[in-house]
Amino acid sequence: MNSFREFINHYMNSWRSSSLVEMEKVISKDFHAREIRDGEATDYGYEQSVTGWEQGFHYAIESGSEWDLHELAVFPLHNAEMMAIISASMIIDGRKTTNANLFFNTFRKNEDNGWKLVRSYIEAGVPTENLNKVQINL
């Protein structure tokens with residue numbers, strides 16, 4: 001999976017299928033994240049991220065919910081880094097949730113030509129109606 005397009009498609013499919021095994025492979029051991037929820041910032045690393053994915057995936061599988069993911073933008077940051085902006089919400093009992101999380105994910109290509117998630121900035125609880133107004137001009 002040398003191209004970033006192939007990688008991001010795989011990443012999104014792993015997320016949609018709630019595959020913790022695949023997600024763990026993608027997250028760098030040096031991962032750093034900041035999540036803003038209700039105006040409060042929380043910083044965390046690899047272990048907390050994997051625990052969060054495990055809880056989210058468990059909920060999705062147990063409840064029969066689906067992930068509603070939308071790639072809003074993908075662009076290069078540096079020579080071996082790409083950013084993907086992704087909105088994530090859920091479909092529960094056939095209804096979309098009214099809030100989403102907005103992920104600004106930075107991926108870095110490593111020595112073996114694979115991609116790893118190295119940083120995330122997440123805005124949690126964004127009203128989905130606001131995401132319909134998103135315009136990204138790059």
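The structure displayed is predicted, hence computed values, not measured ones. Along each chain, residues carry numbers from 1 onward, in the same order as the chain's sequence is written. For this predicted model, a pLDDT threshold of at least 70 governs which residues receive local features, and a threshold of 80 or more governs which side-chain atom pairs are given and counted, while totals over whole chains, interfaces and linings are taken from all residues. As a convention, hydrogens and water are excluded, and side-chain values are obtained from all of the structure's heavy atoms.

**Q** Give a description of the packing of aromatic side chains that names residues and reports values.
**A** The aromatic pairing rule takes the rings of Phe, Tyr and Trp, using the six-membered ring of Trp, and pairs them if the centres are within 6.5 Å, calling planes under 30 degrees apart stacked, those over 60 edge-to-face and the rest tilted. What the rule picks out here adds up to 16 aromatic pairs. Relative to W115, the ring of F4 lies with its centre 4.8 Å away and its plane at 75 degrees, an arrangement referred to as edge-to-face. Taken together, the residues F4 in helix 1 (residues 4-16) and W115 in strand 7 (residues 115-127) connect sequence positions 111 residues apart. For the pair formed by F4 and W115, the shared burial category is buried. Each helix corresponds to a stretch of at least 4 residues labelled H or I by DSSP, and each strand to a stretch of at least 2 residues labelled E; elements are numbered beginning at the N terminus. Buried residues are those whose accessible area, probed at 1.4 Å on protein chains only, stays under 20% of the maximum for their type, while exposed residues exceed 50% and partly exposed ones sit between those limits.

**Q** Which residues make up the environment of W67, and what values go with them?
**A** Looking at where W67 falls in the secondary structure, it is placed in strand 3 (residues 66-78). Taking the relative accessible area as the measure of exposure, W67 reaches 15% and is therefore buried. Contacts are assigned to residue pairs with any non-hydrogen atoms lying within 4.5 Å of each other. Non-local contacts of W67, meaning those with residues more than four positions away in its chain, are made with W15, R16, S18, G56, F57, A60, S89 and M90. We call two N or O atoms a polar contact when they sit within 3.5 Å, provided that within protein one can donate a hydrogen and the other can accept it, with sequence-adjacent residues counted only if both atoms are side-chain atoms. A polar contact is formed between the side chain of W67 and the backbone oxygen of W15, at a distance of 3.5 Å.

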